[in-house]
Amino acid sequence: MVKIDAKGTYYRDLNKKVREAVEKGEKEIVLENVNGQYYIGDGLRAKVSITVEGVPGNDLAAFMDGPTIRIKSNAQDNISNTMNSGKVIIEGHAGDVLGYGMRGGKLHIRGNVGYRVGIHMKGDKRQGPTIIVGGNAGDFFGEYMAGGLLILLGLEGDGPIVGDYLGTGMHGGTIFVRGEVDGNMCGAEVGVMEPDEDDMKVLKDALADYCADLGLKLEDVMAKGFKKLVPVSARPYGNLYAY
Amino acid sequence: MFRSLAPPEYLATIDRVKCIRCKRCIQNCGWGVYSWGGDKVLIDTFKCVKCLRCYHYCPEEAIEIKDNPTRFKQNAYWGYNNIRNIKKQAETGGIPLTGMGSDLPYTILFDNLLIDACQVTNPSIDPLREPMELRTYLGKKPSSVKIEKGKDGKLKLAEPAPPQIKLEVPIIFSPMSYGSISLNAQKVLATAARECGIVMNTGEGGLHEDLVPYRKNIIVQVASGRFGVNPDYLNAGVAVEIKIGQGAKPGIGGHLPGEKIPLEVAKTRMIPVGTDALSPAPQHDIYSIEDLRQLIYAIKEATNYKPVSVKIAAVHNVAAIASGIVRAGADIVYLDGFRGGTGAAPSIIRDHLGIPIEHALAAVDDRLRQEGIRNEASIIAAGGIRSSADVAKAIALGADAVGIGTAALITMGCTTCGKCYTGNCSWGITTQRPELTARLDPEVYAERLINLIHAWTHELKEILGALGINSIESLRGNRERLRGVGLDSFTLDILGVKPAGR
């Protein structure tokens, strides 16, 4: 294990140190005193585990391919932007536009998230991304969703746990929301249904991993029912054009 | 009962005496105009788009495609397309789509600009017998360089120069994605780019594995849909382009119809087969110049600092926006003008939003010079470049290079019929139907595109020779060598060009 002190370090220098450590074959890196540095793990391709102490800046794990990053506090915007594989675990809250165009890997957030989380996620038979949010989410959750798995738990929420325009423009993938879903909050392209047995297995597998990462009890999380959200049409705008 | 109150645009006709019933027209038409009626070829002229595929493949020259003489009453105010679109909208409630750049008769500034030539006082140059330099480097140019003596005693740069893209001719192939055009059409572009020492741009549909061998002649694009973007992709080409907008449809997103998403396209884009590929109107991680900077550097971090281009549509405030793009760290600003092509755009957007490339280019070049940052980024001008004269005029207005899309497709058989969005292109260009794409043999058609670039190269050299200069660098931003004809003083002022005769 190697420790890198990020105090007062420019992001470019910090990332260079991380890449050098990875090239040396380090399997465990701890970044101490991180304070808003952008692009941690950006484009990084390796099987390495990185622990972030302090609050990292935007675009953490952008285009990342393989590493596991654990953030022991809150995180900011654009985490896992177009990420290809690997895992990001956030023990606190996180900001807006998480997992934009995400193609694979996992993003586990313990707390709340902001607007437009999980937008335009992709996926196919080869790979697909998973985002699990423990707290509440803002508007446009899962917008333009084209693939992958998006799970919203609202573990602390008494009231509505998700904002408006849930899944608007959705044309692929699956969203699970713990508790009830107000149909008025959903985009027109979304159908709300009860999960079947296969769905529950998918959920349980995903959540078991999430709970193990964040020290939660799976039974507690599964104690409440889920709703499944899927696109009603593969071509939501097929009739929009005259010729 | 009538089929539609919008009469067919074209009449496909067959000379029944000449016709030998070989059925080649039926095979060749991607639109289903022709069918076999047992003893003769039947014609559904409503479906005809005048792409001329049948005409060229009829061995007896029996086919003629006419503009339908039965049109709405001629009216100087209510144009044919106004009436036609209203009728279509009344029938469907939908938005009329279109392909290609706008064909409306707005003033074409390129056609009101003329290039200078040498007479008596300054010798012209004969490019066939004297060296003529068209080579162009795209990228950030340092405002100063430090030189030091190396260990071997030779002088060298003290700091590494910013990365550059080398072009043998100041022309690139504009972004056209796999999905909007066929893989064979992309192979034509890639083959010609390699042969001509220039680059093609993948567009936003990802990079098919067949194109990987051409990586030294490819710019990869990252757009709002993030299709096919992974670390391999970002590092696959010589540069990465962030697409913010497109001249044919400024401010709106992309929408590749499900008909054009078969398995291979779906795999490359990583979306379900047969869904519409949606590109959001904005990139939702970019709401400001600061956010743009964030994505530019996210890409630079992921690619060990490859050049990053930012493509925008030419809009009213383009000069200030371009200044912001340069300050955000872009190495190249790609300006796409009002006439720029598209595979699919609502015609109301294509025909009424944005500004022409000539105005935008002049305004951006001016602004970057005034701010002292013109060297910080190269400018690519695109959106309706039709000939080498347009290339020369664009370069004189301030472009480092131009992008051509439509012109390249025309070498592949395109007749600008404008129906790219249907996925039925009989020439195999803007379709994914295997029986149609198989027609476009990449080797055969690459030869034609290479010919075009070579022809334009010769013409550009002739123009430079007439101007008495032997390097394209001397024409760059050299508006003194342009004159305006029939342009008002405001326009001349924006273009920074004198009227002819002065």
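In this numbering scheme, every chain counts its residues from 1 along its sequence in written order. Working convention: letters from A go to chains and numbers from 1 go to ligands, in the order in which they are written. With the structure being a predicted model, the display of local features is reserved for residues of pLDDT at least 70 and the display and counting of side-chain atom pairs for 80 or more, all residues being used for whole-chain, interface and lining totals. Think of the side-chain values as coming from all heavy atoms in the structure, minus any hydrogens and water.

Visitor: I keep staring at unusual backbone geometry and nothing clicks. Help me out?
Guide: Both trends apply: most residues other than glycine have a negative phi, and most peptide bonds are in trans. Residue and element names in this part refer to chain A. One non-glycine residue, tyrosine 39, lies in positive phi territory at about 60°. Only runs of H or I of at least four residues qualify as helices and only runs of E of at least two qualify as strands under DSSP, and these elements are numbered from the N terminus. With respect to the helices and strands, tyrosine 39 occurs in the loop between strand 2 (28-35) and strand 3 (49-55). We note that histidine 120 has phi near 55°; this positive angle belongs to a residue other than glycine. Within the secondary structure layout, histidine 120 lies in the loop between strand 6 (105-109) and strand 7 (129-133).

Visitor: How do you make sense of the nonpolar core when you look at a structure like this?
Guide: Buried together is how nonpolar side chains tend to be arranged in soluble globular proteins. Residues and elements named next belong to chain B. Definition used in this section: a nonpolar core is a set of buried Ala, Val, Leu, Ile, Met, Phe, Trp, Tyr and Cys residues joined via side-chain atoms within 4.5 Å. For each residue, the accessible area found with a 1.4 Å probe, counting protein chains only, is set against the maximum for its type, and the residue is called buried under 20%, exposed over 50%, and partly exposed in between. Tyr34, Phe173, Ile404 and Ile429 are the most contacted members of the largest nonpolar core, which has 148 residues in total. Ranked by residues supplied to this core, first place goes to helix 14 (residues 442-467) with 11 residues. The contact partners of phenylalanine 173, leaving out residues within four places of it in the chain, are Leu189, Ala192, Ala193, Ile198, Val199, Met200, Asn201, Ile404, Ala408, Leu449 and Ile453. Residues count as neighbours in contact if any of their non-hydrogen atoms are within 4.5 Å of one another.

Visitor: Please explain the interface of chain B and chain A as it appears in this structure.
Guide: It is common to give the size of an interface as the accessible area lost on bringing the parts into contact. Contact with chain B, which involves 48 residues of that partner, is made by 43 residues of chain A. Buried area: the sum, over both parts, of the accessible surface (1.4 Å probe) that disappears when the two are put together. For the pair chain B and chain A, the summed buried area comes to about 4000 Å², and 56% of that belongs to carbon and sulfur atoms. Taken as a group, Met270(B), Gln294(B) and Glu301(B) account for 20% of the area that chain B buries against chain A, more than any other trio of residues on that side. Any Lys or Arg side-chain nitrogen found within 4 Å of a carboxyl oxygen on Asp or Glu counts as a salt bridge. On the surface where chain B and chain A come into contact, there are 4 salt bridges. One salt bridge in this structure joins Arg45(A) and Asp232(B), with 2.6 Å as the shortest N-O distance.

Visitor: Just checking my understanding: could you explain the sheet that holds strand 13 (residues 218-222) of chain B for this structure?
Guide: Sheets are built from strands that pair by backbone hydrogen bonding, the pairs being arranged parallel or antiparallel. Residues and elements named next belong to chain B. Strand pairing follows a simple DSSP-based rule, namely that at least 2 bridges must link the two strands. An order of 11-21-20-18-17-14-13-12 is seen for the 8 strands of this open sheet, with the pairing classed as parallel. Each edge of the sheet is formed by a strand with only one pairing partner; in this case those strands are strand 11 (171-173) and strand 12 (200-201). Lines fitted to the C-alpha atoms define the axes, with helices restricted to the stretch that makes contact. Angles between their N-to-C directions range from 0 to 180 degrees. Lying over the sheet, helix 8 (residues 318-327) contacts strand 17 (308-313) and strand 18 (332-336), oriented at roughly 165° with respect to strand 17. Contacting strand 11 and strand 21 (401-404), helix 14 runs over the sheet at an angle of about 160° to strand 11.

Visitor: Could you clarify how one ought to interpret the domain arrangement of chain A in this entry?
Guide: Residue and element names in this part refer to chain A. Domain ranges listed in this record stem from an automatic or a database domain assignment. Parsing chain A into structural domains produces domain 1 (1-78) and domain 2 (93-238). Residue-level contacts link 6 residues of domain 1 with 7 residues of domain 2. Taking both partners together, domain 1 and domain 2 bury about 500 Å²; carbon and sulfur atoms supply 33% of that area. A 3.5 Å cut-off defines polar contacts: any pair of N or O atoms within that distance qualifies, except that in protein one atom must be a possible hydrogen donor and the other a possible acceptor, and neighbouring residues in sequence count only when both atoms are side-chain atoms. Scanning the region where domain 1 abuts domain 2 turns up 6 residue pairs in polar contact (both at pLDDT 80 or more). For the side of domain 1 that touches domain 2, the residue count by class is 1 nonpolar, 3 polar and 2 charged. Here the nonpolar group is Ala, Val, Leu, Ile, Met, Phe, Trp, Tyr, Cys and Pro; Asp, Glu, Lys and Arg are the charged ones; every other residue, Gly included, is treated as polar.

Visitor: How should the environment of Leu495(B) be read in this particular structure?
Guide: All names here are of chain B. Of note, leucine 495 is situated in helix 15 (residues 489-495). Take leucine 495: its relative accessible area is 0%, and that puts it in the buried class. Between the C-alpha atom of leucine 495 and that of alanine 360, which follows or precedes it by 135 residues, the distance is 9.0 Å. Those residues in contact with leucine 495, other than ones at most four positions away along the chain, are Leu109, Leu113, Glu358, His359, Ala362, Leu397, Arg479 and Leu487.

Visitor: How should the packing of aromatic side chains be read in this particular structure?
Guide: Each aromatic ring pair is summarised here by two numbers: the centre-to-centre distance and the angle between the ring planes. Stacked, tilted and edge-to-face are the three classes applied to pairs of Phe, Tyr and Trp rings, where Trp contributes its six-membered ring and a pair requires centres within 6.5 Å; stacked means planes under 30 degrees apart, edge-to-face means over 60, and tilted covers the rest. If you walk through the whole model with that rule in mind, you get 10 aromatic pairs over all chains. With centroids separated by 4.7 Å and ring planes inclined at 45°, the aromatic side chains of Tyr10(A) and Tyr11(A) adopt a geometry described as tilted. Tyr10(A) sits in the partly exposed class, given a relative accessible area of 47%. Taking 5.3 Å as the distance between ring centres and 85° as the angle between the ring planes, the aromatic pair formed by Tyr38(A) and Tyr39(A) counts as edge-to-face. The structure contains a cluster of three or more aromatic residues connected by ring pairs, namely Tyr10(A), Tyr11(A), Tyr38(A) and Tyr39(A). In this analysis the charged atom, NZ for Lys or CZ for Arg, is taken to sit over a ring once it is within 6 Å of the ring centre and within 35 degrees of the ring normal. Positioned above the aromatic ring of Tyr305(B), the side-chain terminus of Arg12(A) is 3.5 Å from the ring centre. Sitting over the ring of Trp427(B), Arg53(B) keeps its end group 4.8 Å from the ring centre.

Visitor: How do you make sense of the sheet that holds strand 6 (residues 113-115) of chain B when you look at a structure like this?
Guide: Residues and elements named next belong to chain B. Read from one edge to the other, the open sheet built from 3 strands follows the order 6-22-23, with strand pairing classed as mixed. Each edge of the open sheet is held by one strand with a lone partner, namely strand 6 and strand 23 (498-499). Pairing geometry for strand 22 (residues 482-484) and strand 23, over 2 bridges, is parallel. Bridging from a neighbouring strand, arginine 483 pairs with lysine 498 of strand 23. The sheet contacts of helix 11 (residues 388-396) involve strand 6 and strand 22, and relative to strand 6 the element is tilted by about 95°.

Visitor: What should I look at first to understand a nonpolar patch on the surface in this one?
Guide: A cluster of nonpolar residues, Val145(B), Ile147(B), Leu155(B) and Leu157(B), forms a patch on the protein surface that exposes about 410 Å² of accessible area. By the secondary structure assignment, Val145(B) is in the loop between strand 7 (136-138) and strand 8 (147-149). Like-charged residues within 9 Å of one another, or nonpolar side chains (Val, Leu, Ile, Met, Phe, Trp, Tyr) within 5 Å, are grouped into patches, provided each residue has over 30% relative accessible area and no salt bridge. Per-residue and other accessible areas were derived by the Shrake-Rupley procedure at a 1.4 Å probe size, with only the shown protein chains allowed to occlude residues.

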